[in-house]
Amino acid sequence: MRNAFVLPIVGTLAVSVVATAAAGSLPVDVQQALRTQKEIWVATRRADGSRSTAAPIWFWWDGANLYFSTGPDTHKAKRIRAGSPVYFSAAGKEGPFFE
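In what follows, the accompanying structure is described.

Here is what the cut-offs are and how they apply
Note that residues are indexed from 1 along each chain, following the sequence as it is written. For this predicted model, a pLDDT threshold of at least 70 governs which residues receive local features, and a threshold of 80 or more governs which side-chain atom pairs are given and counted, while totals over whole chains, interfaces and linings are taken from all residues. Each side-chain value is worked out from all heavy atoms of the structure, with water and hydrogens disregarded. Going along the chain from the N terminus, every DSSP run of H or I of four or more residues is numbered as a helix, and every run of E of two or more is numbered as a strand. Throughout, exposure labels follow a simple rule: accessible area from a 1.4 Å probe, protein chains only, divided by the maximum for the residue type, with under 20% read as buried, over 50% as exposed, and the rest as partly exposed. Contacts are assigned to residue pairs with any non-hydrogen atoms lying within 4.5 Å of each other. Areas reported as accessible are Shrake-Rupley estimates using a 1.4 Å probe. Residue values count occlusion only from the protein chains shown. By the convention used here, strands pair only if DSSP detects at least 2 bridges between them. It is the directions from the helix axis to the C-beta atoms whose arc is reported. Pairing of aromatic rings covers Phe, Tyr and the six-membered ring of Trp, with a centre-to-centre limit of 6.5 Å; geometry is then stacked below 30 degrees between planes, edge-to-face above 60, and tilted otherwise. The definition of a nonpolar core used throughout is a set of buried Ala, Val, Leu, Ile, Met, Phe, Trp, Tyr and Cys residues joined through side-chain atoms within 4.5 Å.

So, the overall build of the protein
In terms of helices and strands, the protein carries two helices and six strands. For the protein, the N- to C-terminal ordering of α and β elements is β-β-α-β-β-β-α-β. When burial is assessed residue by residue, the protein has 41% of its 99 residues classed as buried. Of the contacts made within the protein by residues no fewer than 6 positions apart, 51% connect residues no fewer than 24 positions apart. Surface summary for the protein: the accessible area is close to 5700 Å², and the carbon and sulfur share equals 56%.

Here we look at the side chain of Ser-52
Checked against the element boundaries, Ser-52 lands in the loop between strand S3 (39–44) and strand S4 (55–61). What Ser-52 contacts, discounting residues up to four positions off in sequence, is Ala-43, Thr-44, Arg-46 and Arg-79.

Looking at the pairing of strand S5 (residues 65–70)
By the bridge criterion, three bridges tie S4 to S5 in an arrangement that is antiparallel. Bridge pairing links Trp-61 to Leu-66 in S5.

Considerations on helix H1 (residues 28–36)
Listing the buried residues of H1 in full gives Val-30, Gln-31, Ala-33 and Leu-34. Along the long axis of H1, the arc covered by the buried residues comes to 160°, so they all point the same way. Exposed and oriented more than 90 degrees from the buried face of H1 are Val-28, Asp-29, Arg-35 and Thr-36.

Considering the packing of aromatic side chains
In total, this model carries two aromatic pairs according to the counting rule given. Residues Trp-60 and Tyr-67 carry aromatic rings whose centres are separated by 4.8 Å and whose planes lie at 25° to one another, so their mutual orientation is stacked. With relative accessibility at 51%, the residue Trp-60 sits in the exposed group. Measuring from centroid to centroid gives 5.8 Å for Phe-88 and Phe-98, while their planes differ by 35°, and the two rings are tilted. Residue Phe-88 is located in strand S6 (residues 86–89), and its partner Phe-98 is located in the segment after S6; the two are separated by 10 residues in the primary sequence.

Overview of the nonpolar core
One broad trend across soluble globular proteins is that nonpolar side chains are buried collectively. One finds Leu-34 and Phe-88 to be the most contacted residues of the largest nonpolar core, which totals 16 residues. Elements represented by at least two residues in this core include exactly H1, S3, S4, S5 and S6.

Observations concerning the pairing of S6
Burial along S6 is two-sided: Val-86 and Phe-88 facing one way and Tyr-87 and Ser-89 facing the other are all buried. Here four bridges tie S3 to S6, and the two strands are oriented antiparallel to one another. Looking across to S6, one finds that Val-42 is bridged to Phe-88.

Fair warning: the whole summary comes from geometry, so function is off the table for now.
Pasting the structure below:
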C-alpha cells in the first residue's frame, strides 16, 4: 500500500493507519473481498527486510483507502512510523499479499 501513515486518535489506546492503494491495481476478486470481508491480514517489513507475521485486523475500505487501527506501541505502528510498507491479504495469513 502506498502512503501509509499513522494518525493519532484521542487518548493513548490506538492509532489509525491509512494506506492508499490504486484501486485499479488490485485484482477484481481482492476488491470484492475488501467490500465484503470484516478483516484482512496485515504485515509490515522488519529491519532485516523480512515480512512480519501477518495479523488479522478489522478494517474499512472506501474503494481507494484502507483504514485500520493498531496500538501505538505495537511493532506494526512503530514500523509504519519508520516508513515500512504495509502488506495486506484479503485471502488469509499466508497471502497473497499486496503492498
